[in-house]
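Listed here are the chains, written in short residue letters.
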Amino acid sequence: VSIVIPVYRSERSLRELARRLLAVVAEWPAPMEILLVEDGGGDGSWALIAELAQAYPRIRGFRHSRNYGQHNALLTGIREARHEVIVTLDDDLQNPPEEIPKLLAALGQGHDVVYGTPLRRQHGFSRNLASSLTKIALQGAMGAATARKASAFRAFRTELRAAFADYNNPNVLVDVLLTWGTTRFGAVPVRHDERAIGPSNYTLRKLIHHATNMATGFSVLPLQIASLVGFFFTLFGMGLLVYVVGNYLIRGATVAGFTF
(Lines give C-alpha, C1' and ligand atoms only; values in the text may rest on other atoms or scores of the structure.)
Protein backbone atom coordinates (compact mmCIF):
# COMPACT_ATOMS: atom_id res chain seq x y z
CA VAL A 1 0.00 0.00 0.00
CA SER A 2 1.21 3.49 -0.93
CA ILE A 3 -0.47 6.31 0.99
CA VAL A 4 -0.34 9.60 -0.94
CA ILE A 5 -0.97 12.90 0.84
CA PRO A 6 -0.81 16.35 -0.81
CA VAL A 7 0.61 18.82 1.70
CA TYR A 8 -0.16 22.53 1.64
CA ARG A 9 0.57 24.77 4.64
CA SER A 10 0.07 21.88 7.06
CA GLU A 11 3.00 22.41 9.38
CA ARG A 12 0.74 22.28 12.45
CA SER A 13 -1.09 19.04 11.60
CA LEU A 14 1.56 17.03 9.76
CA ARG A 15 3.37 15.51 12.74
CA GLU A 16 0.12 14.26 14.29
CA LEU A 17 -1.02 12.89 10.93
CA ALA A 18 2.23 10.96 10.50
CA ARG A 19 1.99 9.58 14.05
CA ARG A 20 -1.56 8.29 13.50
CA LEU A 21 -0.72 6.84 10.09
CA LEU A 22 2.30 4.97 11.39
CA ALA A 23 0.24 3.61 14.29
CA VAL A 24 -2.43 2.32 11.88
CA VAL A 25 0.02 0.56 9.57
CA ALA A 26 2.36 -0.76 12.27
CA GLU A 27 0.77 -4.23 12.21
CA TRP A 28 0.18 -4.50 8.45
CA PRO A 29 1.87 -7.57 6.96
CA ALA A 30 2.11 -5.95 3.49
CA PRO A 31 4.84 -3.48 2.50
CA MET A 32 3.70 0.13 2.74
CA GLU A 33 4.95 3.66 2.27
CA ILE A 34 3.71 7.19 2.97
CA LEU A 35 4.32 9.77 0.24
CA LEU A 36 4.08 13.41 1.36
CA VAL A 37 3.98 15.85 -1.58
CA GLU A 38 4.61 19.45 -0.52
CA ASP A 39 2.82 21.75 -2.96
CA GLY A 40 4.67 25.05 -2.57
CA GLY A 41 2.86 26.26 0.54
CA GLY A 42 5.75 28.40 1.72
CA ASP A 43 5.51 27.46 5.41
CA GLY A 44 7.64 25.01 7.39
CA SER A 45 5.97 21.88 6.00
CA TRP A 46 8.92 20.85 3.83
CA ALA A 47 11.43 21.00 6.70
CA LEU A 48 9.09 18.83 8.76
CA ILE A 49 8.66 16.35 5.89
CA ALA A 50 12.45 16.06 5.58
CA GLU A 51 12.68 15.44 9.32
CA LEU A 52 9.99 12.76 9.25
CA ALA A 53 11.51 11.05 6.20
CA GLN A 54 14.86 10.87 7.95
CA ALA A 55 13.30 9.43 11.11
CA TYR A 56 10.94 6.92 9.47
CA PRO A 57 12.07 4.87 6.43
CA ARG A 58 8.45 4.35 5.35
CA ILE A 59 7.98 8.08 4.72
CA ARG A 60 9.10 9.64 1.42
CA GLY A 61 8.96 13.35 0.66
CA PHE A 62 8.51 15.26 -2.63
CA ARG A 63 8.49 19.00 -3.15
CA HIS A 64 6.95 21.06 -5.95
CA SER A 65 8.87 24.13 -7.05
CA ARG A 66 5.67 26.18 -6.70
CA ASN A 67 1.99 25.69 -5.95
CA TYR A 68 0.37 23.58 -8.69
CA GLY A 69 -2.80 22.55 -6.85
CA GLN A 70 -4.01 19.57 -4.87
CA HIS A 71 -4.68 17.22 -7.79
CA ASN A 72 -1.31 17.91 -9.38
CA ALA A 73 0.29 17.01 -6.05
CA LEU A 74 -1.79 13.82 -5.98
CA LEU A 75 -0.66 12.96 -9.50
CA THR A 76 2.97 13.37 -8.46
CA GLY A 77 2.48 10.91 -5.60
CA ILE A 78 0.48 8.48 -7.75
CA ARG A 79 3.27 8.36 -10.36
CA GLU A 80 5.92 7.78 -7.67
CA ALA A 81 4.00 5.07 -5.78
CA ARG A 82 5.79 1.72 -5.54
CA HIS A 83 3.08 -0.65 -4.31
CA GLU A 84 -0.04 -2.35 -5.67
CA VAL A 85 -2.66 -0.17 -3.98
CA ILE A 86 -2.77 3.60 -3.54
CA VAL A 87 -4.68 5.37 -0.78
CA THR A 88 -5.14 9.15 -0.88
CA LEU A 89 -6.28 11.42 1.91
CA ASP A 90 -6.10 15.07 2.92
CA ASP A 91 -3.50 16.52 5.25
CA ASP A 92 -5.90 18.23 7.69
CA LEU A 93 -6.86 15.17 9.81
CA GLN A 94 -10.50 15.34 8.69
CA ASN A 95 -9.97 11.99 6.92
CA PRO A 96 -9.19 9.69 9.88
CA PRO A 97 -6.27 7.35 9.09
CA GLU A 98 -7.99 4.75 11.26
CA GLU A 99 -10.67 4.37 8.55
CA ILE A 100 -8.18 3.23 5.87
CA PRO A 101 -8.75 -0.51 6.56
CA LYS A 102 -12.43 -0.05 5.58
CA LEU A 103 -11.39 1.17 2.13
CA LEU A 104 -8.91 -1.67 1.67
CA ALA A 105 -11.48 -4.28 2.71
CA ALA A 106 -13.99 -2.91 0.18
CA LEU A 107 -11.32 -2.86 -2.52
CA GLY A 108 -10.97 -6.61 -2.09
CA GLN A 109 -14.66 -7.11 -2.96
CA GLY A 110 -14.21 -6.68 -6.70
CA HIS A 111 -13.79 -2.92 -6.94
CA ASP A 112 -10.93 -1.06 -8.58
CA VAL A 113 -11.68 2.25 -6.83
CA VAL A 114 -13.32 2.73 -3.43
CA TYR A 115 -14.32 6.12 -1.98
CA GLY A 116 -14.66 6.86 1.70
CA THR A 117 -17.98 8.72 1.76
CA PRO A 118 -18.41 10.84 4.91
CA LEU A 119 -21.35 9.94 7.12
CA ARG A 120 -21.63 13.67 7.77
CA ARG A 121 -19.40 16.34 6.26
CA GLN A 122 -17.82 18.59 8.86
CA HIS A 123 -17.57 21.68 6.64
CA GLY A 124 -19.21 25.08 6.64
CA PHE A 125 -22.16 26.00 4.40
CA SER A 126 -20.06 27.58 1.64
CA ARG A 127 -17.68 24.60 1.47
CA ASN A 128 -20.57 22.13 1.34
CA LEU A 129 -22.22 24.20 -1.40
CA ALA A 130 -19.01 24.28 -3.43
CA SER A 131 -18.56 20.52 -2.96
CA SER A 132 -22.08 19.97 -4.30
CA LEU A 133 -21.28 22.09 -7.37
CA THR A 134 -18.11 20.07 -7.92
CA LYS A 135 -20.05 16.80 -7.81
CA ILE A 136 -22.60 18.11 -10.29
CA ALA A 137 -19.71 18.92 -12.65
CA LEU A 138 -18.30 15.43 -12.04
CA GLN A 139 -21.49 13.66 -13.06
CA GLY A 140 -20.85 14.10 -16.78
CA ALA A 141 -17.55 12.25 -16.57
CA MET A 142 -18.25 9.73 -13.80
CA GLY A 143 -22.01 9.20 -13.80
CA ALA A 144 -24.33 10.54 -11.14
CA ALA A 145 -24.21 7.54 -8.79
CA THR A 146 -20.41 7.53 -8.58
CA ALA A 147 -20.01 11.32 -8.46
CA ARG A 148 -22.31 11.65 -5.44
CA LYS A 149 -19.99 9.39 -3.44
CA ALA A 150 -16.65 10.81 -4.60
CA SER A 151 -14.28 12.25 -2.01
CA ALA A 152 -10.59 12.96 -1.46
CA PHE A 153 -10.42 9.82 0.71
CA ARG A 154 -10.03 7.01 -1.82
CA ALA A 155 -8.25 3.72 -2.47
CA PHE A 156 -7.54 2.30 -5.91
CA ARG A 157 -5.36 -0.19 -7.73
CA THR A 158 -2.06 1.29 -8.86
CA GLU A 159 -2.36 -0.40 -12.26
CA LEU A 160 -5.07 2.13 -13.19
CA ARG A 161 -2.44 4.85 -13.62
CA ALA A 162 -1.42 3.22 -16.91
CA ALA A 163 -4.62 4.66 -18.41
CA PHE A 164 -3.34 8.21 -17.87
CA ALA A 165 0.41 7.62 -17.96
CA ASP A 166 0.87 10.11 -20.84
CA TYR A 167 -1.48 12.77 -19.45
CA ASN A 168 0.36 16.12 -19.24
CA ASN A 169 -2.39 18.75 -19.15
CA PRO A 170 -1.90 21.28 -16.31
CA ASN A 171 -5.56 20.86 -15.30
CA VAL A 172 -5.68 17.59 -13.37
CA LEU A 173 -8.69 15.85 -11.88
CA VAL A 174 -7.75 12.48 -10.43
CA ASP A 175 -11.34 11.23 -10.18
CA VAL A 176 -11.95 11.71 -13.90
CA LEU A 177 -8.59 10.18 -14.80
CA LEU A 178 -9.55 7.07 -12.84
CA THR A 179 -12.64 6.67 -15.05
CA TRP A 180 -10.27 6.25 -18.00
CA GLY A 181 -9.06 3.00 -16.45
CA THR A 182 -12.15 1.37 -14.92
CA THR A 183 -15.89 1.46 -14.32
CA ARG A 184 -15.76 -0.62 -11.14
CA PHE A 185 -16.28 2.00 -8.44
CA GLY A 186 -17.45 1.45 -4.89
CA ALA A 187 -17.91 3.44 -1.70
CA VAL A 188 -18.02 2.83 2.03
CA PRO A 189 -19.27 5.16 4.79
CA VAL A 190 -16.46 6.61 6.89
CA ARG A 191 -16.08 9.07 9.73
CA HIS A 192 -15.30 12.67 8.86
CA ASP A 193 -13.81 14.69 11.71
CA GLU A 194 -14.09 18.39 12.37
CA ARG A 195 -11.15 20.53 11.34
CA ALA A 196 -9.21 21.15 14.53
CA ILE A 197 -6.21 23.12 13.24
CA GLY A 198 -6.46 26.32 11.21
CA PRO A 199 -8.87 27.32 8.43
CA SER A 200 -9.40 25.34 5.25
CA ASN A 201 -7.07 26.16 2.36
CA TYR A 202 -9.99 25.67 -0.03
CA THR A 203 -12.01 28.85 -0.41
CA LEU A 204 -15.37 29.04 -2.16
CA ARG A 205 -13.69 30.83 -5.08
CA LYS A 206 -11.11 28.05 -5.48
CA LEU A 207 -13.75 25.34 -5.40
CA ILE A 208 -15.94 27.09 -7.98
CA HIS A 209 -12.85 27.56 -10.16
CA HIS A 210 -12.12 23.85 -9.73
CA ALA A 211 -15.68 22.91 -10.75
CA THR A 212 -15.45 25.19 -13.81
CA ASN A 213 -12.19 23.57 -14.91
CA MET A 214 -13.83 20.20 -14.44
CA ALA A 215 -16.83 21.07 -16.60
CA THR A 216 -14.80 22.67 -19.40
CA GLY A 217 -11.77 20.39 -19.34
CA PHE A 218 -13.26 16.93 -18.87
CA SER A 219 -16.78 17.15 -20.28
CA VAL A 220 -18.25 17.65 -23.77
CA LEU A 221 -21.36 19.29 -22.31
CA PRO A 222 -20.13 22.90 -22.88
CA LEU A 223 -19.38 22.07 -26.52
CA GLN A 224 -22.82 20.50 -26.93
CA ILE A 225 -24.49 23.59 -25.44
CA ALA A 226 -22.47 25.86 -27.75
CA SER A 227 -23.48 23.72 -30.73
CA LEU A 228 -27.18 23.87 -29.82
CA VAL A 229 -27.01 27.66 -29.37
CA GLY A 230 -25.26 27.96 -32.74
CA PHE A 231 -27.87 25.82 -34.50
CA PHE A 232 -30.68 27.84 -32.90
CA PHE A 233 -29.31 31.17 -34.12
CA THR A 234 -28.58 29.72 -37.56
CA LEU A 235 -32.18 28.53 -37.94
CA PHE A 236 -33.47 31.84 -36.56
CA GLY A 237 -31.33 33.76 -39.05
CA MET A 238 -32.45 31.60 -41.96
CA GLY A 239 -36.09 32.06 -40.96
CA LEU A 240 -35.61 35.81 -40.72
CA LEU A 241 -33.95 35.87 -44.14
CA VAL A 242 -36.84 33.93 -45.71
CA TYR A 243 -39.35 36.31 -44.11
CA VAL A 244 -37.57 39.48 -45.30
CA VAL A 245 -36.80 38.25 -48.83
CA GLY A 246 -40.24 36.67 -49.22
CA ASN A 247 -42.01 39.88 -48.25
CA TYR A 248 -39.79 41.87 -50.61
CA LEU A 249 -40.52 39.57 -53.52
CA ILE A 250 -44.26 39.42 -52.84
CA ARG A 251 -44.87 43.06 -51.98
CA GLY A 252 -42.03 44.59 -53.95
CA ALA A 253 -40.99 46.77 -51.03
CA THR A 254 -38.79 46.63 -48.00
CA VAL A 255 -40.27 45.41 -44.75
CA ALA A 256 -40.61 48.00 -41.99
CA GLY A 257 -38.28 47.40 -39.08
CA PHE A 258 -35.71 45.41 -41.06
CA THR A 259 -33.59 48.22 -42.46
CA PHE A 260 -30.49 46.68 -40.84
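The structure this text deals with has already been given above.
I will try to describe carefully the structure that is included in this document. (Residues numbered from 1 in each chain as written. Predicted model: local features only at pLDDT ≥ 70, side-chain atom pairs only at ≥ 80, totals over all residues. Heavy atoms only, no water.)

## Some thoughts on the overall build of the protein chain
The helix and strand inventory of the protein chain stands at nine helices and seven strands. Expressed as a percentage of its 260 residues, the buried residues of the protein chain come to 43%. The contacts of the protein chain with a sequence gap of at least 6 include a subset with a gap of at least 24, amounting to 81%. Roughly 14,100 Å² of accessible area belongs to the protein chain as shown, and the carbon and sulfur atoms make up 58% of that amount. (Helix = DSSP H or I, 4+ residues; strand = E, 2+ residues; numbered from the N terminus. Buried < 20%, exposed > 50% of the residue type's maximum accessible area, 1.4 Å probe, protein only. Contact = heavy atoms within 4.5 Å. Areas by Shrake-Rupley, 256 points an atom, 1.4 Å probe, with all protein chains shown as cover.)

## Some points on the pattern of salt bridges
What the rule picks out here adds up to 11 salt bridges. Here Arg60 and Glu33 are joined by a salt bridge, their closest N and O atoms 3.0 Å apart. A residue pair is termed long-range when its members are at least 10 positions apart, and Arg60 in strand β3 (residues 59-63) and Glu33 in strand β2 (residues 33-38) qualify at 27 residues. For the pair Arg60 and Glu33, a shared accessibility class is recorded, and that class is buried. (Salt bridge = Lys/Arg side-chain N within 4 Å of Asp/Glu carboxyl O.)

## Thoughts on helix α4 (residues 100-107)
Listing the buried residues of α4 in full gives Ile100, Leu103, Ala106 and Leu107. All buried residues of α4 fall inside an arc of 130° around its axis, so they share one side. Along its buried surface, α4 packs onto β1 (2-7), α1 (11-25), β4 (85-88), β5 (113-118), β6 (154-157) and β7 (185-190). (Arc of directions from axis to C-beta.)

## Comments concerning the packing of aromatic side chains
All chains considered together, the criterion is met by four aromatic pairs. Aromatic pair Tyr115 and Phe185: ring centres 6.3 Å apart, planes at 5°, arrangement stacked. Of this pair, Tyr115 sits in strand β5 while Phe185 sits in strand β7, and the two are 70 residues apart along the sequence. Each member of the pair, Tyr115 as well as Phe185, is classed as buried. On the basis of an interplanar angle of 75° and a centroid distance of 5.6 Å, the ring pair of Tyr167 and Trp180 is categorised as edge-to-face. Within this pair, whereas Tyr167 is found in the loop between β6 and α7 (174-179), its partner Trp180 is found in the loop between α7 and β7, the two being separated by 13 residues in sequence. Take Tyr167: its relative accessible area is 13%, and that puts it in the buried class. When its relative accessible area of 45% is taken as the criterion, Trp180 is described as partly exposed. (Phe/Tyr/Trp six-rings, centres within 6.5 Å; stacked < 30°, edge-to-face > 60°.)

## Regarding helix α3 (residues 70-80)
Of all 11 residues in α3, eight are buried, a share of seventy percent or more. Along α3, the positions that sit buried rather than exposed are Gln70, His71, Asn72, Ala73, Leu74, Leu75, Gly77 and Ile78.

## Considering the packing of α1 against helix α2 (residues 45-55)
In the contact formed by α1 and α2, the axes pass within 9 Å of each other and the chain directions differ by 20°. On the basis of the axis angle, α1 is roughly parallel to α2. In this structure, α1 meets α2 at a crossing whose hand is right-handed. Touching Glu11, Leu14, Arg15 and Ala18 of α1 are Ser45, Leu48, Ile49, Glu51 and Leu52, all from α2. (Axes fitted to C-alpha atoms, helices over the stretch in contact; angles between N-to-C directions. Parallel < 35°, antiparallel > 145°, perpendicular 65-115°, else oblique. Left-handed = near helix turned anticlockwise from the far one by under 90°.)

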